[in-house]
Amino acid sequence: MRKCYFISGGTSSIGKATIEKIKLQNEKAKIVYTYFKNEKENKKILAKYNNIYSFKINLEKENSIKKLKKISEHFDAIILTAAQTKFYDIKKFKNFKPELFKKIININLINQYYIVYYLLKNLKKNSHVVFISSVASKNAIGSNAAYSASKAAINNLAIFFARALAGKVYVNSVAPGLMRTKLTKSFKESYFKKYKDKTLSKKLSTPENIADFILYLISEKNNITGQTIFIDGGC
């Protein structure tokens, strides 16, 4: 039977890497992904691969997410890579207004729940849900308080769904360390160096590292569920 996957944030760094890895492994796999603003990258992805489809979804608006209810495909995995953040120095946290805190929590946590909720009917038996968390979920050294808090909550949400869907769906959270991605393109070079120097591996993780592990989690070999796996170079 042909494999079918749903990826939120298909034009994100991890989303793109995951699409590429899936297609390299199984060219015939069907992929449905979401994007929002990056029309240029969306067109590139659709032109590069066969049997791939996109939905334009605004993760700030529940009514936009409700479009997912129209999807009829049945998925072997739901992979949630979409997120939003903005860097604020922890010593200047008062500049981080409550309105922005609420917005980031809404996108990175509440609407992640909505996506899974609306697509539960589309999950096959022994399928997978993979959330993307962050090392910030355990050390609160993320780009801001809302990002760190939302990712910590995502880890708990993975445990909840793993228990709620036990015996039917494998649910896990993958927590990358600091990476060079679209989300972190505004970060100072000194920030990357300081983080890398603190890791045991002395290396930054990459979107490709994360995508490789996602492919293992959604494979038939996997017997991991209800876990958060940190891929952070030993931070």
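Relevant structure appears above.
Residues numbered from 1 in each chain as written. Predicted model: local features only at pLDDT ≥ 70, side-chain atom pairs only at ≥ 80, totals over all residues. Heavy atoms only, no water.

Structural notes on a positive patch on the surface
Step number 1: A cluster of basic residues, K40, K44, K182 and K185, forms a positive patch at the surface.
Step number 2: Overall, the relative accessible area of 34% leaves K182 in the partly exposed class. (Patch = residues over 30% accessible without salt bridge, like charges linked within 9 Å, V, L, I, M, F, W, Y side chains within 5 Å. Areas by Shrake-Rupley, 256 points an atom, 1.4 Å probe, with all protein chains shown as cover. Salt bridge = Lys/Arg side-chain N within 4 Å of Asp/Glu carboxyl O. Lys, Arg positive; Asp, Glu negative; His and termini not counted. Charge placed at Lys NZ, Arg CZ, Asp CG, Glu CD. Buried < 20%, exposed > 50% of the residue type's maximum accessible area, 1.4 Å probe, protein only.)

Brief notes about the sheet that holds strand β3 (residues 52-56)
Step number 1: Spatial strand order, β3-β2-β1-β4-β5-β6-β7: 7 strands in an open sheet with parallel pairing. Strands with a single pairing partner mark the edges of an open sheet, and in this sheet they are β3 and β7 (227-231). Sheet twist, expressed as the mean angle between neighbouring strand axes with direction ignored, is 20 degrees.
Step number 2: In this structure, strand β6 (residues 169-176) lies alongside β7, joined through 5 bridges in parallel fashion. Looking across to β7, one finds that V174 is bridged to I229.
Step number 3: Where helix α4 (residues 98-119) meets the sheet, its contacts fall on β1 (4-8), β4 (75-80) and β5 (123-132), and the angle it forms with β4 comes to roughly 170 degrees.
Step number 4: Sheet strands in contact with helix α6 (residues 145-164) are β5, β6 and β7, and its direction is about 165 degrees off that of β6. (Pairing = 2+ DSSP bridges. Helix = DSSP H or I, 4+ residues; strand = E, 2+ residues; numbered from the N terminus. Axes fitted to C-alpha atoms, helices over the stretch in contact; angles between N-to-C directions. Contact = heavy atoms within 4.5 Å.)

Topic: the nonpolar core
Step number 1: Core analysis: the largest hydrophobic core is formed by 34 residues, its most contacted members being F6, L68, I115, L119, V129, F131 and V171.
Step number 2: Elements supplying a minimum of two residues to this core: β1, β4, α4, β5, α6 and β6.
Step number 3: With 9 residues, the single largest contributor to this core is α4.
Step number 4: In this view, L68 contacts F6, T34, I57, I115 and L119; residues no more than four positions away in its chain are not counted.
Step number 5: In terms of nonpolar packing, the next biggest core, distinct from the first, is built from 25 residues, I7, A29, I79 and V130 among them. (Core = buried A, V, L, I, M, F, W, Y, C linked by side-chain atoms within 4.5 Å.)

Some words on the environment of I7
Step number 1: Take I7: it is sitting in strand β1.
Step number 2: Residues I7 and L80, spaced 73 residues apart in sequence, show a C-alpha to C-alpha distance of 5.8 Å.
Step number 3: Contacts of I7, omitting those with residues within four sequence positions, involve G15, T18, I19, I22, I31, V32, Y33, T34, I79 and T81.

Some details on helix α2 (residues 39-48)
Step number 1: Of all the residues in α2, the buried ones are E41, N42 and I45. Looking straight down α2, one finds that the buried residues subtend no more than 105 degrees of arc, so they occupy a single side. More than 90 degrees from the buried face of α2, the exposed residues found are K40, K43 and A47.
Step number 2: Against the buried residues of α2 lie α1 (13-25), β2 (30-35) and β3. (Arc of directions from axis to C-beta.)

Describing the pairing of β1
Step number 1: Extensive coverage of β1 is indicated by the burial of 5 of its 5 residues.
Step number 2: Neither face of β1 is left uncovered, since the one carrying C4, F6 and S8 and the one carrying Y5 and I7 both have all their residues buried.
Step number 3: Sheet topology places β1 next to β2; 4 bridges connect them, and they run parallel. Looking across to β2, one finds that F6 is bridged to V32.
Step number 4: Between the parallel elements β1 and β2, the chain passes through α1 in a crossover that is right-handed. (Right-handed = clockwise from strand over helix to strand, strands pointing away.)

Here we look at unusual backbone geometry
Step number 1: For N51, which is not glycine, the phi torsion reads 55 degrees and is therefore positive.
Step number 2: Examined against the element boundaries, N51 turns out to sit in the loop between α2 and β3.
Step number 3: One non-glycine residue, K202, adopts positive backbone phi at about 60 degrees.
Step number 4: Within the secondary structure, K202 sits in the loop between α7 (189-198) and α8 (207-217).

A look at the packing of α1 against α8
A pair of packed helices can be characterised by two numbers: the angle between their axes and the separation between those axes.
Step number 1: It is at 8 Å that the axes of α1 and α8 come closest, and there the two elements cross at 50 degrees. As judged from the angle between their axes, α1 and α8 are oblique. Handedness of the α1/α8 crossing: right-handed. On the side of α1, the interface is formed by S13, I14, A17, T18, K21, I22 and Q25, while α8 contributes P207, E208, I210, A211, D212, I214 and L215.
Step number 2: Grouping the amino acids of the contact of α1 with α8 by side-chain chemistry returns 8 nonpolar, 3 polar and 3 charged. (Parallel < 35°, antiparallel > 145°, perpendicular 65-115°, else oblique. Left-handed = near helix turned anticlockwise from the far one by under 90°. Nonpolar A, V, L, I, M, F, W, Y, C, P; charged D, E, K, R; others polar.)

Regarding the packing of aromatic side chains
Step number 1: Under the defined criterion, the tally for this structure stands at 8 aromatic pairs.
Step number 2: Between F131 and F161, the aromatic rings sit 6.4 Å apart at their centres with planes inclined by 20 degrees, giving stacked as the arrangement. With a gap of 30 residues between them, F131 in strand β5 and F161 in helix α6 connect regions that are remote in the sequence. No difference in accessibility class separates F131 from F161, as the two residues are buried.
Step number 3: When the centroid spacing of 5.2 Å and the interplanar angle of 65 degrees are considered together, the rings of F160 and F161 count as edge-to-face.
Step number 4: Assessed through its relative accessible area of 44%, F160 is described here as partly exposed.
Step number 5: Using a relative accessible area of 4% as the deciding quantity, one classes F161 as buried.
Step number 6: These aromatic residues form a ring-pair network of at least three members: Y113, Y114, Y117, Y118, F131, F160 and F161. (Phe/Tyr/Trp six-rings, centres within 6.5 Å; stacked < 30°, edge-to-face > 60°.)

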